Amino acid sequence: MSSKEKPTLGGQRIKTRKRNIAAPLDPASFSDAIVQIYLDNAGDLELVAKSIESSDLNFSRYGDTFFEVVFIGGRTQPGTIKPEEEGDRHPYSVLDCAAQREAILPYILYIQKTLRRRPFLIKNLENVMRKFLQSLEFFEENERKKLAIFTALAFSQKLSGLPPETVFQPLLKDNLVSKGIVLLFITEFFKEYLKDNTLDDLIALLKKGKMEDNLLEFFPSAKRTSEALSEHFTKEGLASLVEYNEKKMFEVKLKDIKSTLTTMINEETEISEVTEAVKQQVKDAKFPDIEVVRMLWDVLMDAVQWSGKNQQQNSNSALRQVKSWAGLLNAFCTSGRLELELIYKVQTQCYEDAKLMKLFPEIIRTLYDQDVLAEDTILLWFRKGSNSKGRQSFVKALEPFVKWLEEAEEEE
């Protein structure tokens, strides 16, 4: 039998790739399914968590919808926080419970469990919290309080991966701040967070949220003053936060004054001009006179051109600096108390800085010669000084000078 060729179709066969046909989004059905889980378990979050864990619902696609159901009991209308008119709802949401930590804490633990199982949902939690916090004005006052408590507990319980900037940055919308809504929210947040954490913990949290230097930004513009901040937080029982802010403001003002003074010293500005400039800044900043004396000494010593290893050169430079700017020190050491504070400052620096250790008596003698320190102040420090840093060795080093002072006093 002879084999015949089978007929073939002419042309080239083209292979086509199968396309993945995306299923249309159906958040309504997902929302209804989650709501039904809540209803079937009568809002028992332990049972709800187990049911959700065993479900095959598409959380990766509808994560935002899931957290909307958690917070308000159902799906919101697109682009708003208003509940969707159609669709099922449940009465066991965060906003349905009491505005108390005991009632809200179980929701935090419930979400924590869910995130351990599905860590990718943290991004969806961020999205929903950001949307709600940007829309605080549309919530009732009691609902805003619940959101503040929830947010504080979320950070207190270290809810997996929730970044602080998610919370703090959306709050700084002008319309929310101007109405005082943000201030009330953040106050409730601070009070709740500090029940379980220290002020240092709160400050660290604010730093991560890039807000540790900007507490006044939570206040309406008409009340954006240090006095208003102190009055408000003191009234709310947050005195420690007031103290922190005052310290922070002090450091900022101190840095500004130091910067101005350093520039003028380096430019060898006339002492009278420097004195007036510092006095004005001190007055504007309401600086304590003791802090001014300490700051002046720090800046003067920082401006010295120190030599690496030449001790004699360092000594000469330091004493030359003291003589050159004695007039500035004299302008601010206006009482025995301030003169004594200057001696304590010199004592501390000479104790802590090896290149100044042996220079203490010479600095004191120079300050005396330049009329910055009075004889009575030096004798008081010598006999009853309270600063213990290196005191024994410094007293011994100053003995010859003190003896000279006492002999001169007897001669008079």
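In what follows, the accompanying structure is described. (Residues numbered from 1 in each chain as written. Predicted model: local features only at pLDDT ≥ 70, side-chain atom pairs only at ≥ 80, totals over all residues. Heavy atoms only, no water.)

### Points about the overall build of the protein chain
Then step 1. For the protein chain, the helix and strand inventory stands at 20 helices and 0 strands.
Then step 2. The proportion of buried residues among the 412 residues of the protein chain is 46%.
Then step 3. About 23,200 Å² of surface is accessible on the protein chain, with carbon and sulfur atoms providing 48% of the total. (Helix = DSSP H or I, 4+ residues; strand = E, 2+ residues; numbered from the N terminus. Buried < 20%, exposed > 50% of the residue type's maximum accessible area, 1.4 Å probe, protein only. Areas by Shrake-Rupley, 256 points an atom, 1.4 Å probe, with all protein chains shown as cover.)

### Quick notes on helix H5 (residues 122-133)
Then step 1. In a regular helix each residue adds 1.5 Å, so 12 residues correspond to 16 Å; H5 covers 16 Å between its end C-alpha atoms and thus fits that length.
Then step 2. Every buried residue belonging to H5 is among Ile122, Asn124, Leu125, Glu126, Val128, Met129, Phe132 and Leu133, and all of these are buried.
Then step 3. In this fold, the buried residues of H5 make contact with helix H3 (63-72), helix H4 (101-117), helix H6 (141-156), helix H7 (165-168), helix H8 (174-178) and helix H9 (181-193). (Expected span 1.5 Å × (residues − 1). Contact = heavy atoms within 4.5 Å.)

### Let's talk about the packing of helix H11 (residues 226-235) against helix H12 (residues 239-266)
Then step 1. Where H11 contacts H12, the axes come no closer than 8 Å and their chain directions differ by 160 degrees. With respect to H12, the axis of H11 lies roughly antiparallel. Every pair of crossing elements has a handedness; the one defined by H11 and H12 is left-handed. Where H11 abuts H12, its residues Ser226, Leu229, Ser230, Phe233 and Thr234 lie against Ala239, Leu241, Val242, Asn245, Glu246 and Met249.
Then step 2. Considering only residue class, the contact of H11 with H12 consists of 6 nonpolar, 4 polar and 1 charged. (Axes fitted to C-alpha atoms, helices over the stretch in contact; angles between N-to-C directions. Parallel < 35°, antiparallel > 145°, perpendicular 65-115°, else oblique. Left-handed = near helix turned anticlockwise from the far one by under 90°. Nonpolar A, V, L, I, M, F, W, Y, C, P; charged D, E, K, R; others polar.)

### Notes on the pattern of salt bridges
As a working rule, side chains carrying opposite charge can pair if their charged atoms are close by.
Then step 1. Under the defined criterion, the tally for this structure stands at 18 salt bridges.
Then step 2. A salt bridge links Asp196 to Arg101; the nearest nitrogen and oxygen atoms lie 2.6 Å apart. With a gap of 95 residues between them, Asp196 in the loop between H9 and helix H10 (199-208) and Arg101 in helix H4 connect regions that are remote in the sequence.
Then step 3. Classification of Asp196 as partly exposed rests on a relative accessible area of 41%.
Then step 4. By sharing partners, the salt bridges in this structure join Arg101, Glu192, Lys195 and Asp196 into a single network. (Salt bridge = Lys/Arg side-chain N within 4 Å of Asp/Glu carboxyl O.)

### A short note on the environment of Ala222
Then step 1. Structurally, Ala222 can be placed in the loop between H10 and H11.
Then step 2. Separated by 44 residues in sequence, Ala222 and Ser178 have C-alpha atoms that sit 8.5 Å apart.

### Some points on the environment of Ala374
Then step 1. Relative to the helices and strands, Ala374 is located in the loop between helix H18 (360-369) and helix H19 (375-384).
Then step 2. For Ala374, a relative accessible area of 32% gives the class partly exposed.
Then step 3. For the pair Ala374 and Ala354, spaced 20 residues apart in the sequence, the C-alpha separation amounts to 27 Å.

### Remarks on the packing of aromatic side chains
Then step 1. Scanning all chains against the criterion turns up 21 aromatic pairs.
Then step 2. When the ring of Phe190 is compared with that of Phe233, the centres are 5.9 Å apart and the planes differ by 55 degrees; the resulting orientation is tilted. Note that Phe190 is positioned in helix H9 and Phe233 in helix H11, a separation of 43 residues in sequence.
Then step 3. Phe190 sits in the buried class, given a relative accessible area of 0%.
Then step 4. Residue classification places Phe233 among the buried positions, given a relative accessible area of 0%.
Then step 5. Ring centres of Tyr368 and Phe401 lie 5.5 Å apart, and the angle between their planes is 70 degrees; on these two criteria the pair is classed as edge-to-face. Of this pair, Tyr368 sits in helix H18 while Phe401 is found in helix H20 (residues 391-411), placing the two residues 33 residues apart along the sequence.
Then step 6. Following the ring pairs from residue to residue traces out a cluster consisting of Phe155, Phe168, Phe189, Phe190, Tyr193, Phe219 and Phe233.
Then step 7. A cation over a ring is seen here: Arg365 above Trp404, with NZ or CZ 4.8 Å from the ring centre. (Phe/Tyr/Trp six-rings, centres within 6.5 Å; stacked < 30°, edge-to-face > 60°. Lys NZ or Arg CZ within 6 Å of the ring centre and 35° of its normal.)

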